[in-house]
Amino acid sequence: MSGNRDRKDRTLRDLRIPDQRHPEKAHRPDQAQPKKPDWIRVKAPTSEGYKQTRDLLREHRLSTVCEEAGCPNVGECWSQGHATMMIMGEICTRGCTFCNVATGKPNALDLFEPGRVAHAVQKLGLNHVVITSVDRDDLDDGGAEHFAQTIRAIRHRSPASTIEVLTPDFLKSKPGSLEAVVEARPDVFNHNLETVPGLYPTVRPGARYFHSLRLLQKVKELDPAMFTKSGIMVGLGEDRQGVLQVMDDMRAADIDFMTIGQYLQPTPKHHRVDRFVTPEEFASYEKAAYGKGFLMVSATPLTRSSYHAGDDFARLRAARLEKLGRA
C-alpha cells in the first residue's frame, strides 16, 4: 500500500511550483536578486531553429540542462541546433544552493534513454555533443554505466560525432564507476568544481572539493590522451586569490580546459549573488589561466560548461597539437 502512495505522491508533484521543485530550499529566507548589468542580458528565444530543436527534444522525451538549470544561452544554442542532453531524469538527489535543477527522489532509470539520445544526436546532425546528468546517489554506480551506454549508443549512430560528458562526482558510488565511463572513451571528460573550496559547505554541501579534483586527476591516469575539463562560477563570494588557487589546483591535476562564468541566482531561495564580475575581470582571469598552462580557457560572464563546446573542442585539439609540435 505504501508503494502505491509513494507513486501517487510523485505523480502529483509539480516541478513548476518552487516549493515542490526545491523542497530543501523552501525554509530558506529570501535573498535579494540584484538587477543584472547590461553585459549579461540576453534576448528571449524566438528563432525558428530554437523551435525546431525544442520540438525534436520534446518528440524524443529528452531533458536538457539548458532548460532545467535555466541557462541564459538557451536561445543562442538551440537556434544553432545545439543542446546539452541531461540523462537519468530531471530530479537530483543533491540540493546545491546555486542550482535550479529539481531536488528529490528520482524515478527509475529509463533503459531506452541512451538510444533516444543517440537518435536525437543523429537527427540534429551534431558534430559535437555534450551529455550531462543529475546526481544519482541512489544508484550503486551513480549512473556510470548509463553514461557508458549513452556514449556507446551515440558512437554507433553517429561515429563521426565527438562526445563530451559532464559527470557527477560519483562520491558515493561503488569502486570502478569512474572507470566504466572512461572505458567508453568520451573525447572530453568534464566535471565542474563549481566554486572555491571555502564556499563548499554553503554552495555545494553534498560534495567534497578534493574528491572532485582527484576524480579529474584519476581520469588522466586512466587515459592520458583524454581531454579533461572543469569550471567554476564567480560572484558567489570568492576572492581573486581563491580563484587563482583553484587554477593552480586544476593544473596540478593536469586539467586541460577551464571555464569561468558569472553565477546568476535562479530564485530568491537560492544562494545570493555576491557581485557581478566585470568583463575586464574575466579577461584578467583568462590571461592568468593561460599563464598557468591550460590548453584552453573560456572566461566570460555568459560562459557555461557546454557553451560553444563544439568550437572550443576544435580549438582544444588544435592547442594540443601545437603544444606537441613545440615539444
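Everything that follows concerns the structure shown earlier in this document.
Residues numbered from 1 in each chain as written. Predicted model: local features only at pLDDT ≥ 70, side-chain atom pairs only at ≥ 80, totals over all residues. Heavy atoms only, no water.

*Asks:* So, the environment of alanine 120: which residues are in play, and what are the values?
*Replies:* Mapped onto the elements of the fold, alanine 120 is located in helix α6 (residues 113-124). Overall, alanine 120 belongs to the buried group, its relative accessible area being 0%. With 34 residues separating them along the chain, alanine 120 and isoleucine 154 place their C-alpha atoms 9.3 Å apart. (Helix = DSSP H or I, 4+ residues; strand = E, 2+ residues; numbered from the N terminus. Buried < 20%, exposed > 50% of the residue type's maximum accessible area, 1.4 Å probe, protein only.)

*Asks:* A description of the environment of histidine 156 should follow, citing residues and the corresponding values.
*Replies:* Tracing the backbone shows histidine 156 in helix α7 (residues 144-157). Judged by its relative accessible area of 67%, histidine 156 falls in the exposed class.

*Asks:* I'd like a rundown of the pairing of strand β10 (residues 296-299), residues and numbers included.
*Replies:* Residue alternation in β10 divides its side chains into two sets, Met296 and Ser298 and Val297 and Ala299, and both sets are buried. As judged from the four bridges shared by strand β9 (residues 257-262) and β10, these two strands associate in the parallel manner. Bridged to phenylalanine 257 within β10 is methionine 296. In this fold, β9 hands off to helix α12 (residues 279-291), which returns the chain to β10; that crossover is right-handed. (Pairing = 2+ DSSP bridges. Right-handed = clockwise from strand over helix to strand, strands pointing away.)

*Asks:* Please give an account of the pairing of strand β5 (residues 128-133) that cites residues and values.
*Replies:* Within β5, six of the six residues are buried, which leaves the element mostly enclosed by the surrounding structure. Because side chains alternate across β5, one face comprises the buried residues His128, Val130 and Thr132, and the other comprises Val129, Ile131 and Ser133, equally buried. Where β5 meets strand β6 (residues 162-166), five bridges bridge the pair, whose relative direction is parallel. For threonine 132, the partnering residue across the bridge sits in β6 and is leucine 166. Each parallel crossover has a hand, and for β5 linked through α7 to β6 it is right-handed.

*Asks:* Got a sec to walk through unusual backbone geometry? Specific residues and values, please.
*Replies:* Although it is not a glycine, methionine 88 adopts a positive phi angle of roughly 70°. Turning to its location among the elements, methionine 88 is positioned in the loop between β2 (84-87) and β3 (91-92). Residue methionine 88 is classed as buried on the basis of its relative accessible area of 3%. Phi angles above zero are rare outside glycine, and arginine 185 is one such case at about 60°. Here arginine 185 shows up in the loop between α8 (177-183) and β7 (188-190).

*Asks:* Any details on the side chain of threonine 195? Residues and values, ideally.
*Replies:* Mapped onto the elements of the fold, threonine 195 is located in the loop between β7 and α9 (200-203). The class for threonine 195 is buried, based on a relative accessible area of 1%.

*Asks:* Can you lay out the packing of α6 against α7 for me, pointing to particular residues and giving the numbers?
*Replies:* As a packed pair, α6 and α7 sit with axes 8 Å apart at the nearest point and diverge in direction by 35°. Relative to α7, α6 is oriented so that their crossing is right-handed. Contacts from Glu113, Pro114, Gly115, Val117, Ala118, His119, Val121 and Gln122 of α6 reach α7 at His146, Gln149, Thr150, Ala153, Ile154 and Arg157. Per-class residue counts for the contact of α6 with α7 are six nonpolar, six polar and two charged. (Axes fitted to C-alpha atoms, helices over the stretch in contact; angles between N-to-C directions. Left-handed = near helix turned anticlockwise from the far one by under 90°. Contact = heavy atoms within 4.5 Å. Nonpolar A, V, L, I, M, F, W, Y, C, P; charged D, E, K, R; others polar.)

*Asks:* A description of the nonpolar core should follow, citing residues and the corresponding values.
*Replies:* With 72 residues, the main nonpolar core has Ile131, Phe189, Ile232, Met247 and Ile260 as its most contacted residues. Top contributing element to this core by residue count: α7, with six residues. Excluding residues that lie within four positions of it along the chain, isoleucine 260 makes contacts with Ile232, Val234, Met247, Phe282, Tyr285, Ser298, Ala299, Thr300 and Thr303. Residues Val188, Phe227, Leu295 and Phe313 belong to the second largest nonpolar core, which totals eight residues. (Core = buried A, V, L, I, M, F, W, Y, C linked by side-chain atoms within 4.5 Å.)

*Asks:* For the environment of leucine 111, give the residues involved together with the corresponding values.
*Replies:* Relative to the elements of secondary structure, leucine 111 occurs in the loop between β4 (102-103) and α6. On the accessibility criterion, leucine 111 (68% relative accessible area) is exposed. A sequence separation of 23 residues divides leucine 111 from methionine 88, and the C-alpha atoms of the two residues are 9.5 Å apart.

*Asks:* So what's going on with α7? Residues and values would help.
*Replies:* Along its 14 residues, α7 runs 20 Å from first to last C-alpha, staying within 8% of the 20 Å computed at 1.5 Å per residue. Buried within α7 are the following residues: Ala144, His146, Phe147, Ala148, Thr150, Ile151, Ala153 and Ile154. Taken together, the buried residues of α7 touch β2, α6, β5, β6 and α8. (Expected span 1.5 Å × (residues − 1).)

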